[in-house]
Amino acid sequence: MLHKNPAQSMIALFGLLFCMASATQAQHAAPKLANVTILATGGTIAGSGASSTTTVGYTAATVGVQRLIAAVPELAKVANVNGEQVFQIASENMTNEHWLTLAKRVNVLLAQSNVDGIVITHGTDTLEETAYFLNLVVKSRKPVVLVGAMRPSTAISADGPINLYNSVMLAASPEAVGKGVLVAMNDQIQSARDVTKVNTSTLDSFRTPELGLLGYIQGSKPFFYRQQIRKHTTETEFDIGALQVLPQVDIVYGYANVGPVAVDAFMAAGAKGIIHAGVGDGSLAARVKPALVAAHAKGAVVVRASRVGQGILARNGEANDDELDFVVADTLSAQKARILLMLALTKTTSTKEIQRMFYTY
Ligand code: SIN
C-alpha cells in the first residue's frame with residue numbers, strides 16, 4: 001500500500017520490520033522438548049569400583065538415579081528428564097514380582113499426557129528378560145528404552161553416561177514411537193524380543209545375532225533400518241493390571257549325561273510349566289523324556305527350546321510334539337520362552353493356543 005504522508009510510510013515500514021523480526025524469532029525458537037522419565041533399577045550403570053581401572057569385581061547398584069542424571073548434564077538438551085528410583089538391585093536378583101511392579105509403574109506413567117517416553121536403567125545380566133517382559137505387557141506406543149552399562153560409573157571410559165544420553169534421546173524421539181520396547185547400548189538400537197547378552201564383559205555385549213539390530217545412534221539421532229514384526233505392547237493379549245503373581249515356570253538345561261532330576265525337582269516345587277533348553281534342535285534325551293511326559297500328565301505345559309541360541313525350533317522335528325502335546329519355542333531363547341509361557345498361562349493351558357502365542361510374539 002502506498003502512503004502519501006511520509007510519517008504513515010515510516011509507520012508501515014516499522015510494522016513490516018517488526019513482523020519479519022517476530023517471524024524469524026519464531027523460526028529459531030527452541031523446539032519443545034519431550035518429557036522422559038528415567039526409572040532406575042540398579043545394575044552396573046549404577047555401580048562403583050575401588051579405582052578407575054576396576055572394570056570387573058566392582059559393586060553394582062550403589063549410585064542413585066539423581067546422581068546418574070546429574071552426571072550427564074547433556075540430557076537437558078534432549079529431554080525434560082525426571083528420575084525415579086524403582087529398585088536398587090543387581091539384575092541377577094530381578095524377580096517376577098519386580099517385573100510386575102516395574103511394568104505397572106511404566107503403564108501408569110505412559111498413560112499420563114505429560115510423559116512422552118520412559119528409560120529404564122538396568123543391570124545387563126537380565127536386561128534382555130525385563131525388556132521382553134515389558135515388550136509383552138506395556139500398553140502404550142510411547143517409547144520404552146532399556147539401558148545398562150558394561151563398566152561401572154567410576155571406571156575410565158565408563159559407557160554408562162553415553163548409553164544413558166543415547167537412550168534418553170531415543171525415548172524422546174518420534175522415530176521410536178510404536179517400535180516396541182527397545183534396548184540402547186553401545187550406539188546400537190536392538191529389539192527386546194531378539195537381543196541377547198553375548199559376552200561377559202566387553203562393551204559390545206548386546207547383540208541380535210542373525211536377525212540383526214534395528215538401527216544405530218549417531219550424532220544424537222536414531223537411524224532405524226528394520227522393525228520388529230512380531231506383535232508387541234498394544235498388540236498383545238496380556239494384561240497384568242490385576243496380577244499379583246505369575247505362574248511358576250522353570251528351565252531345564254540339556255547336556256550330555258543329563259537325567260530327570262531337575263524336571264522332577266521343579267515339578268515337586270510346583271512348576272506349572274517347564275522350558276526344556278535342549279541340545280541342538282531341542283532334542284530330548286532318553287532319560288529326560290519320560291520325566292517331561294510325566295510333568296505334562298500332571299498338568300504342566302512343556303515347551304521345547306534350544307540351548308544353541310540361534311534358529312527356529314522345528315515343531316515335530318526332534319520330537320513328535322503333536323503326539324506329546326508339547327509346544328515349541330520358535331526362535332525364542334529359553335529365558336525368553338519362560339517369560340512368554342508365564343504370561344500365556346495367565347490366559348490358558350491349551351497347548352494349541354500357547355503354540356499360537358509362540359508363533360505370534
Ligand atoms: C547386573 O546385571 O546387575 C550386573 C552386571 C551389569 O549390570 O553389567
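Residues numbered from 1 in each chain as written. Predicted model: local features only at pLDDT ≥ 70, side-chain atom pairs only at ≥ 80, totals over all residues. Heavy atoms only, no water.

(A) Summary view of the sheet that holds strand β13 (residues 301-306). Pairing in this open sheet of 4 strands is parallel, and the strands run β11-β12-β13-β14 from one edge to the other. Strands with a single pairing partner mark the edges of an open sheet, and in this sheet they are β11 (249-253) and β14 (327-328). Pairing geometry for β11 and strand β12 (residues 273-278), over 5 bridges, is parallel. Within β12, the residue paired with Val-249 across the bridge is Gly-273. (Pairing = 2+ DSSP bridges. Helix = DSSP H or I, 4+ residues; strand = E, 2+ residues; numbered from the N terminus.)

(B) Looking closely at the packing of aromatic side chains. Throughout the structure, instances matching the rule amount to 3 aromatic pairs. Residues Phe-238 and Tyr-361 carry aromatic rings whose centres are separated by 5.3 Å and whose planes lie at 55° to one another, so their mutual orientation is tilted. A residue pair is termed long-range when its members are at least 10 positions apart, and Phe-238 in the loop between β10 (221-224) and β11 and Tyr-361 in the segment after α11 (351-360) qualify at 123 residues. The pair formed by Phe-238 and Tyr-361 is uniform in burial state, with each residue classed as buried. (Phe/Tyr/Trp six-rings, centres within 6.5 Å; stacked < 30°, edge-to-face > 60°. Buried < 20%, exposed > 50% of the residue type's maximum accessible area, 1.4 Å probe, protein only.)

(C) How the structure looks around the pattern of salt bridges. One pass over the full model with this rule turns up 10 salt bridges. Between Asp-125 and Lys-197 there is a salt bridge, with the nearest N and O atoms lying 2.7 Å from each other. Placement of the pair is Asp-125 in the loop between β3 (117-121) and α5 (127-137) and Lys-197 in strand β7 (residues 196-197), with a sequence separation of 72 residues. The partner of Asp-322 in a salt bridge is Arg-315, and the shortest N-O contact between them spans 2.8 Å. On the basis of relative accessible area, Arg-315 is assigned to the partly exposed category, the value being 28%. Put simply, Arg-193, Asp-194, Arg-230 and Asp-330 are held in one network by salt bridges that share partners. (Salt bridge = Lys/Arg side-chain N within 4 Å of Asp/Glu carboxyl O.)

(D) Representation of the site of the ligand in the model. If you check the shell around the ligand, you find Gly-43, Thr-44, Tyr-58, Ala-90, Ser-91, Gly-123, Thr-124, Asp-125 and Ala-149 and nothing else. Between the ligand and Thr-124, the relevant distance is 2.4 Å, taken from an oxygen atom to a side-chain nitrogen or oxygen of the residue. Contacts to the ligand include Asp-125, whose backbone N or O atom sits 3.0 Å from an oxygen atom. Isolated, the ligand exposes 250 Å² of accessible area, and the fraction of that covered by the protein chains is 93%. Split by residue class, the shell around the ligand holds 3 nonpolar, 5 polar and 1 charged. (Near = heavy atom within 4 Å. Polar contact = N/O pair within 3.5 Å; in protein donor to acceptor, adjacent residues only side chain to side chain. Areas by Shrake-Rupley, 256 points an atom, 1.4 Å probe, with all protein chains shown as cover. Nonpolar A, V, L, I, M, F, W, Y, C, P; charged D, E, K, R; others polar.)

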